[in-house]
Every structure is written in structure tokens, then in C-alpha cells.
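# Understanding the architecture of this molecule
Listed below, chain by chain, are the residues.
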Amino acid sequence: MFVAVLPESAKRAGGGSAQGVALALAQRLGRPGTYAVVAGGSFSAGSTDLRGTGAQATAALEDHKGEGTSAVLTDFVDRVGRLRAGDSPDSGSGGGSGG
């Protein structure tokens, strides 16, 4: 898993969004895995090798947005761990990014 916590200005490198930054990182690194990006007040995540990470990113954000970045990322990492183990964590309401 790759996690980047960046300033708001980093979104320029991703076409203006945290999702774009995550895609750019995945393309630049060229390594399979799950990518999570916080850029300023936005959070997005996806994976090149695991289905369901976008929904889990949304669920983590919805469950912990009032608790700060650390709480959101900790929950997201836990959720991805459960996905990789073959469990089915609560998926939230769908989508892949928030903020």
C-alpha cells in the first residue's frame, strides 16, 4: 500500500483532484498495489490489484471525517487489510473519493 499526505497544491499535478494525484502516482511508480492520497482537504484511493478499495475509502471517510486524517487513513488501511484477507468490510455508500 502506498499512502501520500500532501498539501492542497499537489492536486495541480493530478489535474486538480486527489484522485488524479493517486492515478499519477500509480502510473509513475508502475507498481501494483493500493494507492491512498490526501491532498489538502481531499481524500481518494484506489487499487491496481484489489477490487472494492474505492468504496472502502468512501466508507472510511464517512465514518471518520470529523476525527481527522489519521482516523480516516487508519480505518481505510484496516478495511483494505480485511479485503486482502478475503473478508467483506462494510462498504459504505460507494464512490471512490471524498472531501
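Notes on the structure in this doc start here. Quick caveat: nothing in here was measured; it's all calculated off a predicted structure.

### Notes on the packing of helix α2 (residues 53-64) against helix α3 (residues 69-84)
- Axis separation between α2 and α3 bottoms out at 8 Å; the angle between their running directions is 145 degrees. Viewed along their axes, α2 and α3 form a crossing whose handedness is right-handed. Contacts between α2 and α3 pair T53, Q56, A57, A59, A60, L61, D63 and H64 from the former with A71, V72, D75, F76, R79, V80 and L83 from the latter.
- Grouping the amino acids of the contact of α2 with α3 by side-chain chemistry returns nine nonpolar, three polar and three charged.

### Comments concerning the packing of aromatic side chains
- Inspection of the entire model under this criterion finds two aromatic pairs.
- For the pair F2 and Y35, a centre-to-centre distance of 4.7 Å together with 15 degrees between the ring planes defines the contact as stacked. On the criterion of sequence distance, the pair formed by F2 in strand β1 (residues 2-6) and Y35 in strand β2 (residues 34-39) is long-range, its members being 33 residues apart.
- Ring geometry for F43 versus F76: centroids 5.7 Å apart, planes at 80 degrees, classification edge-to-face. Within this pair, whereas F43 is found in strand β3 (residues 42-47), its partner F76 is found in helix α3, the two being separated by 33 residues in sequence. In terms of burial, F43 and F76 fall into one category: buried.

### Focus on α3
- An ideal rise of 1.5 Å per residue puts 22 Å on 16 residues; α3 measures up with 22 Å between its terminal C-alpha atoms.
- Three or more residues of α3 are buried, namely A71, V72, L73, D75, F76, R79, V80 and L83.
- Taken together, the buried residues of α3 touch β1, β2, β3 and α2.
- Just downstream of α3 lies G86, where phi reads positive at about 95 degrees.

### Section: the nonpolar core
- Within the largest apolar cluster, 13 residues are counted, with the highest numbers of intra-cluster contacts made by A36, F43, A45, A57, V72 and F76.
- No other element matches the five residues that α3 contributes to this core.
- Listed in part, the eight residues of the second largest apolar core include A4, A18, A26 and V37.

### Side note on the pattern of salt bridges
- Under the counting rule described, the total for this entry stands at four salt bridges.
- In this structure, R79 and D75 form a salt bridge, with 2.8 Å as the shortest nitrogen-oxygen distance. One end of the pair, R79, and the other, D75, are both in helix α3, four residues apart, so they sit about a helical turn from each other.
- Under the relative-accessibility criterion, R79 is labelled buried at 4%.
- According to the relative accessible area criterion, D75 is buried, its value standing at 12%.
- Each of D63, D75 and R79 takes part in salt bridges that share partners, so that together they form one network.

Reading the values: rules and limits
- Residues numbered from 1 in each chain as written.
- Predicted model: local features only at pLDDT ≥ 70, side-chain atom pairs only at ≥ 80, totals over all residues.
- Heavy atoms only, no water.
- Axes fitted to C-alpha atoms, helices over the stretch in contact; angles between N-to-C directions.
- Helix = DSSP H or I, 4+ residues; strand = E, 2+ residues; numbered from the N terminus.
- Left-handed = near helix turned anticlockwise from the far one by under 90°.
- Contact = heavy atoms within 4.5 Å.
- Nonpolar A, V, L, I, M, F, W, Y, C, P; charged D, E, K, R; others polar.
- Phe/Tyr/Trp six-rings, centres within 6.5 Å; stacked < 30°, edge-to-face > 60°.
- Buried < 20%, exposed > 50% of the residue type's maximum accessible area, 1.4 Å probe, protein only.
- Expected span 1.5 Å × (residues − 1).
- Core = buried A, V, L, I, M, F, W, Y, C linked by side-chain atoms within 4.5 Å.
- Salt bridge = Lys/Arg side-chain N within 4 Å of Asp/Glu carboxyl O.

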